[in-house]
Amino acid sequence: MTRLRAGTKTDRAGNTVPDWSDGAVTRLVIGDVSVQPTVQDEAADATRTAVVTGWHVLSAPGTSPDVRSSDRVEFGGLMCEVIGEVAAWPDPLDGGTHHVEWSMRRTTG
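Now for a look at the structure at hand. (Residues numbered from 1 in each chain as written. Predicted model: local features only at pLDDT ≥ 70, side-chain atom pairs only at ≥ 80, totals over all residues. Heavy atoms only, no water.)

## Things to note about the overall build of the protein chain
Quick reminder of the rule: Secondary structure elements are taken from DSSP: a helix is a run of H or I of four residues or more, a strand is a run of E of two residues or more, and numbering for both begins at the N terminus. Categorising residues by exposure relies on relative accessible area from a 1.4 Å probe, with only protein chains included: less than 20% of the type maximum marks a residue as buried, more than 50% marks it as exposed, and the intermediate range marks it as partly exposed. For this analysis, residues touch if any pair of their heavy atoms sits within 4.5 Å. Here the open area of atoms and residues is found with the Shrake-Rupley method and a 1.4 Å probe, where only the protein chains shown may cover a residue.
When helices and strands are tallied, the protein chain shows zero helices and nine strands. With respect to the principal axes defined by its C-alpha atoms, the protein chain has extents near 55 × 40 × 20 Å. Residues counted as buried form 24% of the 109 residues belonging to the protein chain. Put simply, of all contacts in the protein chain between residues at least 6 apart along the chain, 52% involve residues at least 24 apart. For the protein chain, the exposed area adds up to about 7000 Å²; of that, 50% sits on carbon and sulfur atoms.

Written as structure tokens, this is what we have:
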């Protein structure tokens, strides 16, 4: 699994916006995770069939991968979006991070 984080650029209105171009994106390989399927949905209309696939990701105990809600993740040859907030669960014994969880999805169509 590889985490992709957008750089930034200024748009025509002077706003700072995410830059997903190859040169602006930073990548980080993330290991020691469990990836579980959560949703598969298909919606068809006259012009297309949209497929949504989702997964829930849990890091190994004692790990804290650098993932944010604004990131994308390459997983199994697919590009996915992180959905919602990334949750760091505290270790009840030492107060550090026990593990991190997030959801991600891929939409086509």
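So, next bit.
## Here's the deal with the nonpolar core
Rules: Only buried residues count toward a nonpolar core, which is a set of Ala, Val, Leu, Ile, Met, Phe, Trp, Tyr and Cys residues joined through side-chain atoms within 4.5 Å.
If you look at the biggest cluster of nonpolar residues, it comprises ten residues: I30, W55, V57, V67, V73, C80, V82, V100, W102 and M104. Secondary-structure elements contributing two or more residues to this core are β6 (49–59), β8 (78–90) and β9 (97–108). Looking at which element gives the most residues to this core, the answer is β9, with three residues. If sequence neighbours within four positions are ignored, V82 has contacts with V67, R68, S69, D71, V73, W102, S103 and M104.

## Description of unusual backbone geometry
Here D32, not a glycine, exhibits a phi torsion of approximately 55°, which is positive. Of the residues examined, D32 reaches a relative accessible area of 58% and is grouped as exposed.

## Examining the side chain of R3
The following threshold applies: By the criterion applied in these results, polar contacts are pairs of N or O atoms within 3.5 Å in which, for protein atoms, one can donate a hydrogen and the other can accept it, and in which residues neighboring in sequence qualify only through two side-chain atoms.
Assignment of secondary structure puts R3 in strand β1 (residues 2–5). A polar atom in the side chain of R3 sits 3.5 Å from the side chain of T26. Excluding its chain neighbours within four sequence positions, the residues that come into contact with R3 are T26, R27, L28, I30, D66, V67, D71 and R72.

## A word on the environment of V51
Here V51 is to be found in strand β6. In sequence terms V51 and G96 are 45 residues apart; their C-alpha atoms lie 38 Å from each other.

Honestly, that's just the spatial picture; any functional story needs more than this.
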